[in-house]
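Listed below are the residues making up each chain.
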Amino acid sequence: MYIILVYDLGEKRVVKMLKLCRKYLNWIQNSVFEGEITEVKLKELKFKAKEIMQDSDSLIIFTGRNEKWLKKEVLGVERSSTDNFL
């Protein structure tokens, strides 16, 4: 499945969440990630994210079948391209 993940955390926990999400997804912009992930890996990511989060924090996950069903338009500088060149 293809997901877009967005989080809003307290300043002290941002770096921990950034490192966690980078293990599973592509970093797109501050607190925004996207990529293909399996159901099992997504459950693992959610479990680990909950361990970092506190009551005032939020994490939003948008789920789709795959990237081809998502129209993406970038204005300005793209932080991290997800294109793979061979």
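Residues numbered from 1 in each chain as written. Predicted model: local features only at pLDDT ≥ 70, side-chain atom pairs only at ≥ 80, totals over all residues. Heavy atoms only, no water.

## Thoughts on the sheet that holds strand β4 (residues 58-64)
Logical step 1: The four strands lie next to each other as β2-β3-β1-β4, forming an open sheet whose pairing is antiparallel. Strands at the two margins of the open sheet, each flanked by one partner only, are β2 (26-29) and β4. Along the sheet, successive strands turn relative to each other by an average axial angle of 25 degrees, direction set aside.
Logical step 2: Taken together, the five bridges between strand β1 (residues 2-8) and strand β3 (residues 32-36) define a ladder with antiparallel strand orientation. The residue of β3 that forms the bridge with V6 is V32. (Pairing = 2+ DSSP bridges. Helix = DSSP H or I, 4+ residues; strand = E, 2+ residues; numbered from the N terminus. Axes fitted to C-alpha atoms, helices over the stretch in contact; angles between N-to-C directions.)

## Structural notes on the pattern of salt bridges
As a working rule, side chains carrying opposite charge can pair if their charged atoms are close by.
Logical step 1: Scanning all chains against the criterion turns up two salt bridges.
Logical step 2: Here D57 makes a salt bridge to R13, at a shortest N to O gap of 2.7 Å. Taken together, the residues span a long stretch of sequence, with D57 in the loop between α2 (39-52) and β4 and R13 in the loop between β1 and α1 (14-24) at a distance of 44 residues.
Logical step 3: Judged by its relative accessible area of 12%, R13 falls in the buried class.
Logical step 4: The shortest N-O distance in the salt bridge between E44 and K48 comes to 3.8 Å. With E44 and K48 both in helix α2 and four residues apart, the pair spans about one turn of that helix. (Salt bridge = Lys/Arg side-chain N within 4 Å of Asp/Glu carboxyl O. Buried < 20%, exposed > 50% of the residue type's maximum accessible area, 1.4 Å probe, protein only.)

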